[in-house]
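Descriptive analysis of the structure
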Amino acid sequence: MGNLRRITLLLLVIVFATNIFNSITVEAAISKPTKTWDLTEEGQYKFSGKASGSMLYTNYKFTNASKVRIHVNNTHKTKDLEVKVVKDSGLFPTQKKVKVPSNGKTTFDISLTKADKYFISFKAPSNFSGYIRKQ
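A few points on the structure. Computed from a predicted model, the values in this text were never measured in an experiment.

**Observations regarding the packing of aromatic side chains**
For the coordinates displayed, the defined rule picks out eight aromatic pairs. Relative to Phe128, the ring of Phe47 lies with its centre 6.2 Å away and its plane at 55°, an arrangement referred to as tilted. With a gap of 81 residues between them, Phe47 in strand β3 (residues 45-51) and Phe128 in strand β11 (residues 126-134) connect regions that are remote in the sequence. This pair shows no difference in class: Phe47 is buried, exactly as Phe128 is. Connected via pairs of aromatic rings, a cluster forms that spans Trp37, Tyr45, Tyr60 and Phe62.

**With respect to the side chain of Asn64**
If you trace the backbone, Asn64 turns up in the loop between β5 (60-63) and β6 (67-74). Polar contacts involving the side chain of Asn64 include one to the side chain of Asp38, which spans 3.0 Å. Filtering out sequence-adjacent residues up to four positions away, Asn64 remains in contact with Asp38, Thr40, Lys114 and Lys134.

The rules behind these values
Residues numbered from 1 in each chain as written. Predicted model: local features only at pLDDT ≥ 70, side-chain atom pairs only at ≥ 80, totals over all residues. Heavy atoms only, no water. Phe/Tyr/Trp six-rings, centres within 6.5 Å; stacked < 30°, edge-to-face > 60°. Helix = DSSP H or I, 4+ residues; strand = E, 2+ residues; numbered from the N terminus. Buried < 20%, exposed > 50% of the residue type's maximum accessible area, 1.4 Å probe, protein only. Polar contact = N/O pair within 3.5 Å; in protein donor to acceptor, adjacent residues only side chain to side chain. Contact = heavy atoms within 4.5 Å.

Next comes the structure, spelled out in structure tokens:
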């Protein structure tokens, strides 16, 4: 029984340490998205995330909109947030790059190719929320 307690305690320490060094809220993911969100059919998509060391991405690629509005609320107390709108394929994938000041908000519109797929990346450290919707 003593070994079981030590193993349990060790696992708790590992989980705690992992959460301290790379805490992540899973409404944004650490890998590029594979699922698609149709902005015309499914409407506005809300996102949020928090990470200390990992780049985060929206859980979905977005499609079926020629113009979108993106709103980002950076709730990190000391760090600006780098946000990129990225085309899923192509020679020049980054479509727009925006810096959101610490404890700041920004809203911007961007024209896209309706048939293509896009996602948003968020550079760590990050603590943010927001939405993307068709204009």
